[in-house]
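Okay, here's what each chain looks like letter by letter:
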Amino acid sequence: MNRILSDAQWAQYDRDGYLRLGRLLTGADLAALQQRINDIMLGKAAVNYDRMLMQLDSDSGKYEDAGVHSRGHKGATLNYRKIQDLEFDPLFLAYMQRPLFREICARVYGPATPVAAFRAMFMNKPARKGTFLPWHQDRWTWLDRDPQITVWTALDPATVGNGCVQVVPGSHKLGLINPSHPSGFLTKEQAARYAIADKIQYLELDAGEAVLLHNYLLHASDVNRTDIPRRAFSVCYMDARTVTTNREKYSVIFGEGALRVEDLRS
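This write-up is about the structure you can find in this document. Here the structure is a predicted model, which is why all the values come from computation and not from measurement.

The next subject is the overall build of the protein chain. When helices and strands are counted, the protein chain shows 6 helices and 13 strands. The C-alpha atoms of the protein chain give 18 Å as radius of gyration, which agrees with the globular expectation for 266 residues (18 Å, within 12%). Its C-alpha atoms put the protein chain at 50 × 45 × 40 Å along the principal axes. The buried share among the 266 residues of the protein chain stands at 52%. Total accessible area on the protein chain is roughly 12,300 Å²; 49% of this is exposed by carbon and sulfur atoms. Of the side chains in the protein chain, 33 bear a positive and 30 a negative charge, and the two mean positions are spaced by 1 Å.

Overall, the coordinates contain 15 salt bridges when judged by the stated rule. Linking Arg231 and Asp156 is a salt bridge whose minimum nitrogen-to-oxygen distance equals 2.7 Å. Taken together, the positions of Arg231 in strand β12 (residues 230–239) and Asp156 in the loop between β7 (149–154) and β8 (165–167) put the pair 75 residues apart, joining distant regions of the chain. With a shortest N-O distance of 3.4 Å, Glu262 and Arg260 are connected by a salt bridge. One salt-bridge network, in which partners are shared between bridges, spans Asp144, Arg145, Asp239 and Arg241.

Under the definition given, this model contains 10 aromatic pairs. With 6.3 Å between their ring centres and 50 degrees between their planes, Tyr95 and Phe233 make a pair best called tilted. Of this pair, Tyr95 sits in helix α3 (residues 90–96) while Phe233 is found in strand β12, placing the two residues 138 residues apart along the sequence. Accessibility expressed as a relative area gives 4% for Tyr95, which makes it buried. With relative accessibility at 1%, the residue Phe233 sits in the buried group.

Attention now goes to the sheet that holds strand β9 (residues 201–202). The 4 strands are arranged β6-β11-β8-β9 in an open sheet whose pairing can be described as antiparallel. Of all the strands in the sheet, the pair left with one neighbour each is β6 (133–136) and β9. Pairing of β6 with strand β11 (residues 219–221) involves 2 bridges; the strand directions are antiparallel. Across the sheet, the residue bridging to His136 is His219, located in β11.

Let us now look at the nonpolar core. Judged by nonpolar contacts, the single largest core of 46 residues is most densely connected at Leu21, Ile40, Ile83, Leu86, Phe101, Ile104 and Tyr237. Take this core: its biggest share by element is 6 residues, from helix α4 (residues 99–109). Residue contacts for Phe101: discarding those within four places in its chain leaves Leu21, Leu24, Tyr95, Met96, Val151, Tyr237 and Phe254.

Thresholds, definitions, all that
- As a convention, each chain's residues are numbered from 1 in the sequence order in which they are written.
- Only residues with pLDDT of at least 70 get local features here, since the model is predicted, and only at 80 or more are side-chain atom pairs given and counted; chain-wide, interface and lining totals rely on the full set of residues.
- To get the side-chain values, all heavy atoms of the structure are used, and hydrogens and water are removed first.
- In this text, helices come from DSSP runs of H or I with a minimum length of four residues, and strands from runs of E with a minimum of two, each type numbered from the N-terminal end.
- All radius of gyration figures rest on C-alpha atoms, and the globule criterion is 2.2 Å times the number of residues raised to 0.38.
- For the exposure calls, accessible area comes from a 1.4 Å probe over protein chains only, and a residue counts as buried if that area is under 20% of its type's maximum, exposed if over 50%, partly exposed in between.
- Accessible areas in this description were obtained via Shrake-Rupley with a 1.4 Å probe; residue shielding takes into account the shown protein chains only.
- Counted as positive: Lys and Arg. Counted as negative: Asp and Glu, with His and the chain ends omitted from the count.
- Note that the charge is assigned to NZ on lysines, CZ on arginines, CG on aspartates and CD on glutamates.
- Any Lys or Arg side-chain nitrogen located within 4 Å of an Asp or Glu carboxyl oxygen qualifies as a salt bridge.
- Pairing of aromatic rings covers Phe, Tyr and Trp, the last through its six-membered ring, and needs centres within 6.5 Å; plane angles under 30 degrees mean stacked, over 60 mean edge-to-face, and all others mean tilted.
- Pairing between two strands requires that DSSP report at least two bridges joining them.
- Take the buried residues of types Ala, Val, Leu, Ile, Met, Phe, Trp, Tyr and Cys, join any two whose side-chain atoms come within 4.5 Å, and each joined set is a nonpolar core.
- The contact definition used throughout considers only heavy atoms, calling two residues in contact when any of these lie within 4.5 Å.

Set out below in structure tokens:
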């Protein structure tokens, strides 16, 4: 495999728990994904909505007030907070299977390890809306091993004003801070201790830029206080041999039996 990332970049990722990957989407490719996700939200896309987990944004900005997270379309609106299962869309799958992401997965999980998508997810903070996402680490207790990496790609400019991702560099080395929480959310006391203001970095990105995140890296995001939406595509890549206790099946992205773009288009 031809290497795309250097040893210095991997050393930076190992130190900080994140790595800026630069602008990976430009021009027509970026415009196509922006249009596709808008069409999905508005019910205009030729996709199987019964397969997709969809959640409307909160009106209050509070995490606990976000809409029901369930399968199926919930009305023609651009005010969705989250849409999952985008690996079944050919445009999003083609992006997920780029050589750079194959290299990253091979480096993290091993070159012979099949890789699945735990989540291929649209995350949205609509203009002048958005839901506050409290400090947390990404982990899920119904898996026999934790997925290790997420690639987060900005579909709009991500700024402090519209709720870009905030991280605490190096915090992935702390291990699980709140292992009793099924999704890795910190208590208020833990957040006050570990997410100290002068340690927080704001991951501002241009549209089309991406960042690699270690799943144990502490992260959060605020509401959107601007007129620019903050749309993003977040993919959590996992070891496809992971055993689950909730009988969920996860699509293989790299390795034997991987989803193929041409099959989704047929």
